[in-house]
Each structure stands twice: as structure tokens, then as C-alpha cells.
Amino acid sequence: MAHDHDHDHDHDHDHDHDHDHDHGHDEEFAEELDEFLGEFQELLGSDPEAAMELVESVDESFSSHPLIRIAHAHAVWVTKGAAEARGELESLVAAEPEFSDAHYALADVYGELKEEALRVTHFLRVLELDEKDDAEAGFDASGYQELIVKSAEQALNGLPSPYRERLHGVPVLLEQRPSKVLVKDGFDPRALALFEGPTVDAPGGSDLPAPTRIVLYTANLPAEFEDEEELQSEVELTLLQEIGNYFGLDDEELDRLGLE
């Protein structure tokens with residue numbers, strides 16, 4: 001049994017895919033785009049219809065940009081459903097085959113539409129492109145390993161009973177990303193962590209055997225949270241959420257872990 005902790009489908013990787021378009025080196029354009037996308041993301045969470053109006057109001061200099069196109073697809077997804085967003089994302093992937101975020105969003109759409117084979121195909125492409133993008137950008141995940149290990153140890157040592165005792169001695173391993181074998185089985189290539197445990201069905205709660213290992217993905221975590229303080233908090237939150245999911249905890253137990 002493998003449990004993974006990932007992120008919302010509208011959350012893009014920070015250090016991947018720098019597209020070389022006409023405006024790629026235009027700092028003013030980049031600032032305007034960042035400001036626009038920040039406003040869009042805020043609205044998408046609070047008022048999806050307003051987010052749709054915003055993204056449809058952009059002028060031609062913005063509308064053809066891949067990040068605007070994927071923003072529009074996300075707005076369609078939230079307001080009209082996965083089936084409506086599918087066509088937009090398929091067109092975007094065809095036009096921008098190296099755009100890993102588009103493949104990732106399309107994989108999530110296929111997942112919602114129960115098209116597992118297509119979902120896995122695009123998840124595998126995301127894994128390939130994220131590795132390629134990191135290599136081209138010179139991103140070195142090893143620089144974050146010490147902080148990730150320290151944050152994980154603090155989180156596990158601070159657990160209440162019985163979970164601290166249950167997880168004592170369970171190895172916490174670091175890997176850059178999920179393996180291709182895992183992703184072929186449908187595992188999220190941008191998952192932040194993996195809890196591996198019993199392969200037999202078991203009831204949740206404190207009777208569930210402890211996981212055999214915990215894996216933290218050192219390329220995926222800082223891709224989302226490069227600031228050290230945010231990264232430390234996210235490692236802790238990731239572990240707590242995984243513990244809650246793994247043991248099937250109810251609201252009261254989640255509150256004890258600090259997740260409510």
C-alpha cells in the first residue's frame with residue numbers, strides 16, 4: 001500500500017519550464033504576468049466565476065501565453081468541469097509539448113474522468129520533463145536535504161502518543177522523485193512524500209501496522225516551497241497529513257496532530 005501527499009491541481013512547479021517565447025526576456029512583461037497570475041489564483045480559490053472573467057479579459061499580448069492558457073483551462077475546470085477542460089488542455093499540450101504543467105493538469109483531468117491509461121501516460125511525461133527542466137536550470141535538490149531531514153525529525157519527534165511510538169524506528173528516506181515504476185502504477189510524479197505499508201487491506205486507526213518506510217521527495221518539496229521557512233513548515237505538514245491518511249484518523253485525532 002502506498003500513500004502519497006501531493007498538491008492541488010492548480011499549483012504549478014516553481015522551477016520548471018522557462019518558455020522561450022517572444023516575451024521571454026522582457027522583464028516588464030514577466031512582472032505583469034506574475035502579478036496577473038497571482039490575482040487569478042486568489043480569485044480562483046474564492047470566486048471562480050470572477051477568475052474566469054479575469055482570464056478572459058486579457059489582451060492579445062497575454063492570451064496566447066502558455067501560462068495564461070493553462071490558467072484559463074483551470075478556470076474552465078473549476079466552473080464547468082473536467083470534461084470541458086479536457087479539450088483546452090489537450091490543445092495546449094499539442095501546442096506546447098514540453099510544458100510539464102500542462103501535462104500534469106491534463107493527467108489530473110483524465111484522472112477525474114476515470115481515464116487511467118491516459119492519466120499515467122501524461123504523469124510519465126511530467127516525470128521526464130521535470131527531470132529535464134531541473135537539469136537545464138541547474139537545480140540541485142541536494143542543497144535542501146539537510147533542512148528536509150531536520151524538519152522531518154522534528155515533526156516525528158513532536159508527535160503525540162501513540163503515533164510517536166508507532167513510528168519510532170521507521171526509516172525516513174530521501175529520494176529526488178518517485179520512480180518510473182511507481183508512476184507507471186499511477187503514483188503522482190510530483191508527490192511530496194510516500195508512506196509504504198502493509199499490502200493487505202487493514203482497518204484504519206491505531207491497530208494498523210506501522211509503515212515500513214517513509215520517503216520524502218527532495219526535488220518536489222523545494223519545487224513548491226523554495227523559502228526555507230515555508231519548506232520546513234511544508235515538510236511537517238506533509239508528514240502529519242500522511243500520518244493522518246495512513247492511519248485513517250478521524251477529526252479528533254487529526255486535531256491532536258495539529259491538522260484541524
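Reading guide: rules and limits
Residues numbered from 1 in each chain as written. Predicted model: local features only at pLDDT ≥ 70, side-chain atom pairs only at ≥ 80, totals over all residues. Heavy atoms only, no water. Helix = DSSP H or I, 4+ residues; strand = E, 2+ residues; numbered from the N terminus. Buried < 20%, exposed > 50% of the residue type's maximum accessible area, 1.4 Å probe, protein only. Contact = heavy atoms within 4.5 Å. Areas by Shrake-Rupley, 256 points an atom, 1.4 Å probe, with all protein chains shown as cover. Phe/Tyr/Trp six-rings, centres within 6.5 Å; stacked < 30°, edge-to-face > 60°. Lys NZ or Arg CZ within 6 Å of the ring centre and 35° of its normal. Expected span 1.5 Å × (residues − 1). Polar contact = N/O pair within 3.5 Å; in protein donor to acceptor, adjacent residues only side chain to side chain.

**Student:** Looking at this structure, I do not really get the overall build of the chain. What am I missing?
**Tutor:** When helices and strands are tallied, the chain shows 13 helices and 4 strands. Out of the 260 residues in the chain, the part that is buried amounts to 47%. The long-range share in the chain, meaning contacts at least 24 apart out of those at least 6 apart in sequence, stands at 71%. Here the chain has roughly 13100 Å² of accessible surface; of this, 44% comes from carbon and sulfur atoms.

**Student:** Can you walk me through the packing of aromatic side chains in this structure?
**Tutor:** Any pair of aromatic rings gets described here by the distance separating the centres and the angle formed by the planes. What the rule picks out here adds up to 5 aromatic pairs. In textbook terms, an aromatic cluster arises when at least three aromatic residues are bridged by ring pairs, as seen for Phe29, Phe36 and Phe62. Between Arg190 and the ring centre of Tyr104, over which it is positioned, the NZ or CZ distance is 4.9 Å.

**Student:** I keep staring at helix 6 (residues 100-112) and nothing clicks. Help me out?
**Tutor:** An α-helix turns once per 3.6 residues; consequently, residues spaced three or four apart project the same way. Between its first and last C-alpha, helix 6 extends 19 Å over 13 residues, near the 18 Å set by a 1.5 Å rise per residue. A large share of helix 6 lies buried, amounting to 11 of its 13 residues. Buried within helix 6 we find Ser100, Asp101, Ala102, His103, Tyr104, Ala105, Leu106, Ala107, Asp108, Val109 and Tyr110. Where helix 6 is buried, its residues meet helix 4 (66-80), helix 5 (82-95) and helix 7 (116-137).

**Student:** Just checking my understanding: could you explain unusual backbone geometry for this structure?
**Tutor:** The bulk of non-glycine residues show a negative phi, and the bulk of peptide bonds are trans. For the peptide bond that leads from Ser161 to Pro162, omega is 5°, which places it in the cis range. In this structure, Pro162 sits in the loop between helix 8 (145-157) and helix 9 (163-167). A positive phi angle, close to 65°, is found at Lys114, a residue other than glycine.

**Student:** It is not clear to me how the environment of Gln232 should be interpreted in this structure. Could you clarify?
**Tutor:** Within the element layout of this structure, Gln232 appears in helix 12 (residues 228-247). On the basis of relative accessible area, Gln232 is assigned to the partly exposed category, the value being 29%. Distance in space between the C-alpha atoms of Gln232 and Ala152 is 8.2 Å, their sequence separation being 80 residues. When sequence neighbours within four positions are dropped, the list of residues in contact with Gln232 reads Leu147, Ser151 and Gln154.

**Student:** What exactly am I supposed to notice about the side chain of His65 here?
**Tutor:** Examined against the element boundaries, His65 turns out to sit in the loop between helix 3 (60-63) and helix 4. Separated by 3.0 Å, the side chain of His65 and the backbone nitrogen of Leu67 make a polar contact. Not counting chain neighbours up to four residues away, the residues in contact with His65 comprise Phe29 and Leu33.

All quantities given are derived from atomic positions and should not be read as evidence of function.
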